[in-house]
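Survey of secondary and tertiary structure
In case you want the letters, here they are:
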Amino acid sequence: MRDTKGTLIYILKRLLLMIFTIIVIFIICFMLVRLLPDSDNPGPGKDPTTFYRIQVAIGRYYEVSPGQYEQLPLLTQLWNFIKNLFVPSTYMNSSGQLVEVSRWGYSWEIDYLQSPIDILFSRMTPTVLINIYSMFLSIPIGLLIGIYMALKKNKWQDHTLSIIVMLFISVPSFVYAFLIQYFLGYQWGWFSPTMADSSMYGWFSGTMINSMVLPVLAMSFGSIAGFARYTRAELTEVLTSDFMLLARTKGLTRAQATVRHAFRNSLVPIFPMILGQIISVLSGSIVIENIFVVNGIGGLFLDSINKRDYDVFQFVAMFYILIGLVGGLVVDISYGLVDPRIRMGGGKGQ
Amino acid sequence: MSELENKVVSTNEQTDLFDFANKDKSIHDTKFETKPISYLQDCLRRFVKNKASVAAFFIILLIALFAIFEPIFDSKYQNNTVLQYNYFDRALPKLSIFEGTGFWDGTKKEGIGENEYNLNRFTDSNYDKYVRLESVEEVRTGFTTQMTYNVVIDTYAVGTRLIQISESEYNALVEYDKNQPEDHKIIKPQVDYNSYLNQYRQQLLDNGASSQVATQIYNNMLQTYSTNAQYYFALECNQRSDGSYIDTSFSPIYTEYDADKVGIDVQDIYLRDESGNLVYYTVSNGRYNVRVDYHDYFTYYYGYEPVFAFGTNQFGQDICLRMALGCRFSLLLGIGITVINFLIGLVWGAISGYYGGTLDLVLERITDIISGIPTIIIMTICNIQFNNNIELNNAVGPMGVIVLAILVAFVYNGWVGTAATTRMQFYRFKGQEYVLASRTLGARDGRLIFKHILPNAAGTLVTSSVLMVPSVIFSESSLSYLGIIDFTSSSIVSLGAMVSEGQQANIAFYPHVILFPAIVISLLMISFNLFGNGLRDAFNTTLRGSEE
């Protein structure tokens, strides 16, 4: 029987630990980002009065004398930031209205005076779509290749596939993404080499889907190889265990035994991997988005670095960190939930 | 019956019928016929059996040798910088032995328009731009028909160029040129396009063109002549079918046609002195303006022929040399950072694993936090922070700043993996009886850690750290590919930056700029992974007989 109470306590403990970790990481990131050299003026074409009003309202600057602004000490900035998260202060905008300040700061370069949350959500669709397509492609194909390799273990099919899988795991994604782009995109012209503009076409229009094929392929190859290798390793281990012999002895055919007993058991460590993949759908790959000019979250992150848009940078970085930590947590917990033999929160000796 | 009798006899008179074997000899343990092998020898034997790993090892060795020796013997590498050659940008890969085969000889096939073809067809340089005309196609677009000439272009035929040199340099060049064979003369006659243009403008006006049109054509043609030193012949302006001029499109004036009415000769407009001799130089501000065949001038100037085995990038830099430098940097960085991370991880993991308890819990939390912040974020912050620090810039220079930023970003959480492995190993070994025995004899913690536990874990740890090298190379190249590590201000060459450079060079037309660095980086990654896996399997006795 499963120890429900113990499991719940374990999950709760892990959650609290994660929240603690996130808070500490956030404080470190906040400090590091605020320590970066920042120019005092908002740049050409932007209203300095609004800039300083906002900076005072979000607690970064204070007014020394009318028109003279200086940065607050770092810890005060942090305190003001946390205060703003719960009770946003107000500032007077250019048309003279009192407006609530954005909780997560403002973008100054990428999308003037937009909140980083809005920018992030507006960029999320392409990333998520590409990741979901690639997930639907890579999970079944990866599992199937892995099963095939395990069944043909040490035969030529297995060796050939092993080499291919090893190649895709070792070769950096930007290399094979470039190969895909060059051959399928430019040389043979089957698909659009870069992603189409989403504002001109619908997300599910032919042009859009055609232009998304290459990034999806490039994303999939790595994870197909990963899934295949993992499945093969797990399945070969299960196929040689004693209960498989028992299953055959009691009269099951090889196919029946493989599907009903071996595959199900080998899924135990693979399932958490799939869960991890599902969660990382939100973050995507910076490199592949860069190659295929996908206007997604990875692109936003690079933009924020190149344009020195620190509030956006901080927000996207925290988003990535959050996804990473939640992914790790879910994978860890699911191990215990899927396989009752793994004792949740067991001591070091277990 | 006789058998039975024999048996009876034998049981009764045992002592007489049986002899003790080796009765007179004293029996000792015989020496082993096989040689004893040590743990390392056993590992080596198992490693050698894995052919792929051995091959990978030799590939790494080859790349390392290439990285060490190529820049030493390459004259294109001077004062720690890669020379940039004007006019030889994006030259295709060329090996001298493949000259004229069409494969790896710096030529490419391309379809070009009629006008461009005619303009570059005639040259007084020593090398023809168009090696061969493959075919001519008619392409219909709407109502107009355009001719497409499919030609094989020699990317090394850069034509003639104008250079400015001092008097002594000019004299040396003339001296050198005297011994050159006729078809490799460097100095070409000056082109007198100014007087030709004046004459041509007058001709246009005479033909009824308005002065505005004539001036426009004059200016455009002047622009063409002054930027293209290879046009030594008279040009005329192309006309539309209605007789109006296309003021940006020119073609040569032919003096001779063959049977198919294709122009085969042009009228030169060389500068001549009063007696009609060709003029080879003009002097302005004490400098000699000379028109040279740039390919042969290159050979004269640098002392070697312009042949680039892997081509050049868009800045005219040799890709082969840059690749060697990139491998050098990658290998140094990979190994250096691995060693640092390994040492930090070892100490951290040892403390965490050996002492356990609360200390372990605290250390684990710290590792959690550290590994929660991705390298890419630390790299960005370090980059901006260090680059803006003027004192630091003055102290270590722009190159030092980048290396420092990379070091900080990669060391900051790179050791977490080693620490985790070490911690596991310590948990495994610290409860063993021999440790207990040593402790009972009064051994201190330091002795237990370094003398008893660590040596047992060493094999696993060292081999697992080999796999850290490719991961460092991978992250570095990814980050420099994305431009997060920016090498433009330093002379460091990184493979990742080369790949991104190749993407900017327009991969549709110049795939070689990206192809070769991509191949090398893939080779490095594959071989390090294979080698590391082979090493791990060889050192791990429990994995004997299984391949995973």
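Throughout, residues of each chain are indexed from 1 in the direction in which the sequence is written. Just so you know, chain letters begin at A and ligand numbers begin at 1, following the order they were written in. In keeping with the model being predicted, local features are shown solely for residues with a pLDDT of at least 70 and side-chain atom pairs are shown and tallied solely at 80 or more, while totals for entire chains, interfaces and linings include all residues. Side-chain metrics rest on all non-hydrogen atoms present in the structure, leaving aside hydrogens and water.

**Re the interface of chain A and chain B**
Each partner contributes residues to the interface: chain A has 41 residues there, and chain B has 39 residues. Across the interface of chain A and chain B, roughly 3,500 Å² is buried in total on both sides, 77% from carbon and sulfur atoms. A pair is scored as a salt bridge if a Lys or Arg side-chain nitrogen falls within 4 Å of a carboxyl oxygen belonging to Asp or Glu. If you look at where chain A meets chain B, you find 0 salt bridges. Polar contact is defined as a pair of N or O atoms within 3.5 Å, subject to the rule that within protein one atom must be able to donate a hydrogen and the other to accept it, and that residues adjacent in sequence are counted only when both atoms are side-chain atoms. Scanning the region where chain A abuts chain B turns up 2 residue pairs in polar contact (both at pLDDT 80 or more). Of all the secondary structure elements, the ones that give two or more residues to the side of chain A that touches chain B are helix H1 (4–35), helix H5 (156–170), helix H6 (173–187), helix H7 (206–239), helix H10 (286–291), helix H11 (297–306) and helix H12 (310–338) of chain A. Secondary structure is summarised from DSSP: a helix means a run of H or I of at least four residues, a strand means a run of E of at least two, and numbering begins at the N terminus for each. When residues of the side of chain A that touches chain B are assigned to their parent elements, the largest contribution, 10 residues, is made by H1(A). Across the side of chain A that touches chain B, the residue classes break down as 31 nonpolar, 6 polar and 4 charged. Working rule for contacts: check all heavy atoms of both residues, and any pair within 4.5 Å makes them a contact. For any pair of parts, buried area is found by adding up, for both, the accessible area (1.4 Å probe) each one loses once the two are put together. The nonpolar class holds Ala, Val, Leu, Ile, Met, Phe, Trp, Tyr, Cys and Pro. Asp, Glu, Lys and Arg form the charged class, and all remaining residues, Gly among them, are polar.

**Some details on unusual backbone geometry**
Residues and elements named next belong to chain B. The phi dihedral of Tyr87 is positive, around 70°, even though this residue is not glycine. Relative to the assigned elements, Tyr87 resides in the loop between strand E2 (81–82) and strand E3 (107–113). By relative accessible area, which is 34% here, Tyr87 ends up partly exposed. Phi angles above zero are rare outside glycine, and Asn285 is one such case at about 55°. Looking at the secondary structure, you find Asn285 in the loop between strand E12 (281–284) and strand E13 (287–293). Between buried and exposed lies partly exposed: a residue is buried under 20% and exposed over 50% of the maximum accessible area for its type, with that area taken using a 1.4 Å probe on protein chains only.

**Regarding the sheet that holds strand E4 (residues 130–141) of chain B**
In a beta sheet, neighbouring strands are held together by backbone hydrogen bonds and run either parallel or antiparallel to one another. Residue and element names in this part refer to chain B. Whether two strands pair depends on DSSP finding at least two bridges between them. Taken in spatial order, the 3 strands make up an open sheet running E3-E5-E4, and their pairing is antiparallel. Taken across any chain shown, the strands that pair with only one partner, and hence form the sheet edges, are E3 and E4. Neighbour to neighbour, the strand axes of the sheet diverge by 20° on average, direction disregarded. Strand direction decides the pairing type here: E3 and strand E5 (residues 144–154), joined by 7 bridges, are antiparallel. Residue Thr107 lies in a different strand from E5, and its bridge partner there is Asp154. In this analysis an axis means a line fitted to C-alpha atoms, helices contributing only their contacting stretch, and an angle means the value between N-to-C directions, from 0 to 180 degrees. Along the sheet face, helix H5 (residues 114–121) touches E3, E4 and E5 and points at about 120° away from the line of E3.

**Re the domain arrangement of chain B**
Residue and element names in this part refer to chain B. Note that the domain bounds reflect an automated or database-derived domain assignment. Taken domain by domain, chain B comprises domain 1 (56–65 + 318–543), domain 2 (107–157), domain 3 (160–190 + 270–307) and domain 4 (197–257). For domain 2 versus domain 4, the separation of C-alpha centres amounts to 21 Å. If you look at the interface, domain 2 gives 8 residues, while domain 4 gives 11 residues. Summed over both sides, the interface of domain 2 with domain 4 buries roughly 780 Å², with 53% coming from carbon and sulfur. At the junction of domain 2 and domain 4, the tally comes to 0 salt bridges. Linking domain 2 to domain 4 there are 5 residue pairs in polar contact (both at pLDDT 80 or more). Partitioned by chemical class, the residues of the side of domain 2 that touches domain 4 number 2 nonpolar, 4 polar and 2 charged.

**Side note on H1(A)**
The span expected for a helix works out to 1.5 Å for each residue beyond the first. Look at H1(A): 46 Å from first C-alpha to last across 32 residues, which is about the 46 Å you get at 1.5 Å a residue. Those residues of H1(A) lying buried are Thr7(A), Tyr10(A), Met18(A), Thr21(A), Ile22(A), Ile25(A), Phe26(A), Cys29(A), Phe30(A), Met31(A), Val33(A) and Arg34(A). Contacts from the buried residues of H1(A) go to helix H3 (74–86) and H12 of chain A together with helix H11 (357–372) and helix H12 (375–388) of chain B.

**Re the pattern of salt bridges**
All names here are of chain B. The tally for this structure, following the rule as stated, stands at 18 salt bridges over all chains. Residues Glu364 and Arg423 are paired through a salt bridge, measuring 3.8 Å at the closest nitrogen-oxygen approach. One end of the pair, Glu364, is in helix H11; the other, Arg423, is in helix H14 (residues 416–429), and 59 residues separate them in sequence. With its nearest N and O atoms 2.5 Å apart, the salt bridge here joins Asp368 to Arg365. Here Arg365 and Asp368 lie together in helix H11, a separation of 3 residues that amounts to about one turn. Beyond isolated ion pairs, a larger network of salt bridges with shared partners links Asp42, Arg45 and Arg46.

**Describing the packing of aromatic side chains**
For this analysis, a ring pair means two rings from Phe, Tyr or Trp (six-membered ring only for Trp) whose centres lie within 6.5 Å, classed as stacked if their planes differ by under 30 degrees, edge-to-face if by over 60, and tilted for the remaining angles. Under the counting rule described, the total for this entry stands at 63 aromatic pairs over all chains. Geometrically, the ring pair formed by Phe26(A) and Trp104(A) is edge-to-face, given 6.1 Å between the ring centres and 85° between the ring planes. Highlighted residues: Phe26(A) in helix H1 and Trp104(A) in the loop between strand E4 (98–100) and helix H4 (116–151), separated in sequence by 78 residues. Residue Trp104(A) is classed as partly exposed on the basis of its relative accessible area of 22%. For the pair Phe51(A) and Tyr52(A), a centre-to-centre distance of 5.1 Å together with 80° between the ring planes defines the contact as edge-to-face. Each member of the pair, Phe51(A) as well as Tyr52(A), is classed as buried. The rule is short: NZ of Lys or CZ of Arg within 6 Å of the ring centre and within 35 degrees of the ring normal puts a charge over the ring. Seen from the ring of Tyr87(B), Arg161(B) lies directly overhead, with NZ or CZ sitting 4.1 Å from the centre. Seen from the ring of Tyr218(B), Arg201(B) lies directly overhead, with NZ or CZ sitting 4.4 Å from the centre.

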